[in-house]
Protein chains: 2
Amino acid sequence: MYAHAPLQAPDEPETRRARPRQTGPAPERSSVARAEPYGYAANMVDMLVDLLAGIVGPASVSVGEEIGPDYTHDESLTASPVEPLAVVHPASTAEVAAVVRVAGEHRTPVTARGSGTGLSGACVPRPGGILVVFDKMSRILEVDTANHVAVVQPGVTLDALDEEIAPHGLVYPVYPGEQSASIGGNIATNAGGMRAVRYGVTRHHVLGLEAVLASGEVIRTGGCYVKSASGYDLTQLIIGSEGTLALVTEAILKLQPRLAHSATLLAPFPSLEAVTRAVPQVVASGLAPSILEYVDALTMEATTAAAGIDIGVPAEVRSSTQAYLLVVVESRDASRLEEDAATLGTLLEELGALDVYLLSRQAGEQLVEARERAFFVAKAHGANDIVDVVVPRASMSAYLASVSEIASDLGALVAGCGHAGDGNVHLSVFQPDPERRRDVVHAILAAGISLGGAVSAEHGIGTEKLDSFVATSGSVELELMRRVKAAFDPAGILNPGTLLA
Amino acid sequence: MYAHAPLQAPDEPETRRARPRQTGPAPERSSVARAEPYGYAANMVDMLVDLLAGIVGPASVSVGEEIGPDYTHDESLTASPVEPLAVVHPASTAEVAAVVRVAGEHRTPVTARGSGTGLSGACVPRPGGILVVFDKMSRILEVDTANHVAVVQPGVTLDALDEEIAPHGLVYPVYPGEQSASIGGNIATNAGGMRAVRYGVTRHHVLGLEAVLASGEVIRTGGCYVKSASGYDLTQLIIGSEGTLALVTEAILKLQPRLAHSATLLAPFPSLEAVTRAVPQVVASGLAPSILEYVDALTMEATTAAAGIDIGVPAEVRSSTQAYLLVVVESRDASRLEEDAATLGTLLEELGALDVYLLSRQAGEQLVEARERAFFVAKAHGANDIVDVVVPRASMSAYLASVSEIASDLGALVAGCGHAGDGNVHLSVFQPDPERRRDVVHAILAAGISLGGAVSAEHGIGTEKLDSFVATSGSVELELMRRVKAAFDPAGILNPGTLLA
């Protein structure tokens, strides 16, 4: 293992939070950055707030002390909380457009916020800016069972969507690990998650958008179809743009038939390398696993302990295990599923697994859920930062070896798990000193880039990975992105300081 | 059927052409538009040509009478041939960059050309412009079997790629129906094809690009990974941009495991409406067909006659048939395939098929191939234009009814087939009078838009659908696209007049 310091004891047990933004620890108000918008006089501020209240109604604007602490932060471990000038809760696209128009007239930054479950600071407001919260735009407008699409407002949570479409035998297969996340937030960061290995990420499931531009104009992109060669794909450009190009006010989502049967296999391996070597073979098998995760031994211990579950692997196997592969296969047919699980089990053994465990449905679900909570477990154990680098999946082993060396050289504990089928590594970095931590994280990100990877697979750049993103990107590419940004938002009012400097 | 005039007799039988661009009928030279670049004096032209020769070598530049007629046109039925100032054949990214830099300095239009199999005029050169042909950049640089990616130059054809990767048990599942098409051309138009219903279109299989900007600068986007949330997705923006944003010089393609077994079913239906009603049910079945095509009776007769095959449907069934559904299912397992084919057959019967035929492997392949040739058959029969509108798949029936009305009202014969699983309709329009034809085509496109569709699913806007695209798009969206274009190409040298006016 690449552990180099004892785990810190958790200060307090982290419990499952259905809507983290509502129960996240409130920052001390004194530590929250506040500022008037760009040196406006107080009467200008009052005027701006009056204008906003005129649009969304006085009850849907809060300022100063009325602003709940939840709105000052997201779930990132490093972003400092910021209190905006005003928080608004528009109830319609027209209201969003009017708010953005007012912001544009006053050169006031606008930050969009869904459920606030982001991990890179992208929905932390700007000092003196307007935070647009989409909790009043959380309706599922249509579930179209003939075309297999849902039309939703951005505030709809993954949980709410699933509840609505499951009875139709349909699924929206993006599971970023936090079901209270909103579709708008998922679109902003191109959220991925465990099932991406089979189903792809958010951008593969969003067919069209309605969005408000920085000018306050409203655009519609795409439609209820998968194919188009009709102009630039503005849908794809807005997805993953972290609120810097437009505010999404409606999305057309592609749904899929829900497969009725699933089986979960757990395979302990003697080394991380053996796990990462096995992954391409599992993908090549054609068994099309819907989940293909690696979990290192340390993370497995911590997440299962936190969830209070026993994975049933005997102590003697566990003691030789450096990492686990967690694989889920799905089928519309129960007997095929059984066959596939058996084929997969044999394959995993051939690929060097110490043993292979077929979990009961309940145990499988618990383990996947425990894995989903890995971030919160790491946080409870005192993790100081997290990274979600992606590398070519065959390079994961080399990458983790580099990470181990970096951790050793620079003095940090690094542990993790990841979407092995996608080469997407989630690492928790334990190093309390902010400067040393920054160096470690930057080195870890740069190592991923040098293997042909990217800074973030699914959390986004936000404010927190911005320096590393800029430092590791080509200047021509960055300049081009800045010109694209200017084409959308010439005055730079949309989430400035996020994604691009 | 929605036929309103007798089919014209074919002037000459169309034979299978492996590389249409080499054998397409040469336009009369006198009918080819020629122009000096923007009023340059002859010595300036000579200087430009010398500069180009200095970059790619004199043997890789042709001008005037040396320019083969193939380079003046693509396969669209309506685009007028244009002779460029010069045709260049760069052999490297550096040469492409240098050519574009020279073009920029002289404000000379640059048009990229792959195999010239496009159907919307997008690779027809500009008068006085430079045509960049990628036939010398047609190497497969890498087949990475661990990451399931191929790195290719833009001139690689689908056929060449398939030949290279098939022995590895891998497939690049985009089949736009013309295997001599190049990857670069496929990327330019976001090519789709029959298998998109299961596998998606080009944009779902391109993970990264190297591309030359209008400035001559070279960018790299994406990488050997499926997930990224690291800045704007320039890969997706360039895909489908028809050579107007950048010239692609390298592409990273995602490959998939090749499924060993496939079965083809043919189901005649008494009405087009019954076919389109059946489609959502087939998709919802979870059988995940890799091909789900409708072919109207007229098109089936013509394509099978042209291919010299007998579909084996008895005359009495045929006489009651208005349209066929052609369905292919694939599996890695022969016995599962048999089961799936049986399940599908039963389903199709329940959905109103007059009968269901399971074709032999050979017959199935022949029929799919015949379907792929539908365009050339229509062309041989004198089709005057084609459209490839996409509508929400459940609206196909309503759409085809509208089309029938338009054809009747405006006096044209319209017949076709399409990717029913995607709502993508391919129609041939027979109306020799150019103005009447334009009206019919525009009405057909507008009817698609009014049902929530798009002008083109996979052929692109090019020059030939530009008026209809502009007329049916929102002005805010068009203006935004123009600003994006300007962010990439401020002087407008890349394929001007294509995709955007």
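Just above, that's the structure.
Keep in mind that what you see is a predicted model, and the values were worked out from it rather than measured. (Residues numbered from 1 in each chain as written. Chains lettered and ligands numbered in written order. Predicted model: local features only at pLDDT ≥ 70, side-chain atom pairs only at ≥ 80, totals over all residues. Heavy atoms only, no water.)

## Notes on the overall build of chain A
Summing up its helical and strand segments, chain A has 17 helices and 18 strands in all. The C-alpha radius of gyration computed for chain A amounts to 23 Å, which stays within 12% of the reference 23 Å derived for 501 residues, consistent with globular compactness. With respect to the principal axes defined by its C-alpha atoms, chain A has extents near 70 × 55 × 45 Å. For chain A, the proportion of its 501 residues judged to be buried stands at 62%. Pairs at least 24 residues apart make up 76% of the contacts formed inside chain A by residues separated by at least 6 positions. In the form shown here, chain A has an accessible surface area of approximately 17200 Å², with 50% of it arising from carbon and sulfur atoms. Positive and negative charge centroids in chain A, built from 35 and 59 side chains respectively, lie 4 Å apart. (Helix = DSSP H or I, 4+ residues; strand = E, 2+ residues; numbered from the N terminus. Rg over C-alpha atoms; globule rule 2.2 N^0.38 Å. Buried < 20%, exposed > 50% of the residue type's maximum accessible area, 1.4 Å probe, protein only. Contact = heavy atoms within 4.5 Å. Areas by Shrake-Rupley, 256 points an atom, 1.4 Å probe, with all protein chains shown as cover. Lys, Arg positive; Asp, Glu negative; His and termini not counted. Charge placed at Lys NZ, Arg CZ, Asp CG, Glu CD.)

## Quick word on the interface of chain A and chain B
Of the residues lining the interface, 75 residues belong to chain A; the matching set on chain B comes to 75 residues. Roughly 6100 Å² is buried in total at the junction of chain A and chain B, and carbon and sulfur atoms are behind 60% of that figure. Linking chain A with chain B are 12 salt bridges. Its salt-bridge partner being Asp340(A), residue Arg332(B) comes within 2.9 Å of it at the nearest N-O pair. Put simply, chain A and chain B have 43 residue pairs in polar contact (both at pLDDT 80 or more) between them. Elements with a minimum of two residues in the side of chain A that touches chain B: strand 9 (218-222), helix 7 (234-238), helix 8 (272-284), helix 11 (334-350) and helix 17 (475-488) of chain A. Top contributing element to the side of chain A that touches chain B by residue count: helix 17 of chain A, with nine residues. Along the lines of polarity and charge, the residues of the side of chain A that touches chain B split into 36 nonpolar, 23 polar and 16 charged. (Buried area = accessible area lost by both parts, 1.4 Å probe. Salt bridge = Lys/Arg side-chain N within 4 Å of Asp/Glu carboxyl O. Polar contact = N/O pair within 3.5 Å; in protein donor to acceptor, adjacent residues only side chain to side chain. Nonpolar A, V, L, I, M, F, W, Y, C, P; charged D, E, K, R; others polar.)

## Notes on unusual backbone geometry
Look at Asn190(A): it is not a glycine, yet its phi comes out positive at around 50°. Position of Asn190(A) relative to the elements: it lies in the loop between helix 5 (183-189) and helix 6 (196-199). For Asn190(A), a relative accessible area of 1% translates into the label buried. Phi is positive for Glu242(B), which is not a glycine, with a value near 55°. What makes Glu242(B) buried here is its relative accessible area of 2%.

## Looking at the sheet that holds strand 3 (residues 110-113) of chain A
All names here are of chain A. Read from one edge to the other, the open sheet built from four strands follows the order 1-2-4-3, with strand pairing classed as mixed. Edge positions in the sheet fall to strand 1 (61-63) and strand 3, since each has one partner strand and no second. Each neighbouring strand pair of the sheet contributes to a mean axis angle of 20°, computed without reference to strand direction. As judged from the three bridges shared by strand 1 and strand 2 (residues 86-88), these two strands associate in the antiparallel manner. Paired with valine 63 across the bridge in strand 2 is alanine 86. (Pairing = 2+ DSSP bridges. Axes fitted to C-alpha atoms, helices over the stretch in contact; angles between N-to-C directions.)

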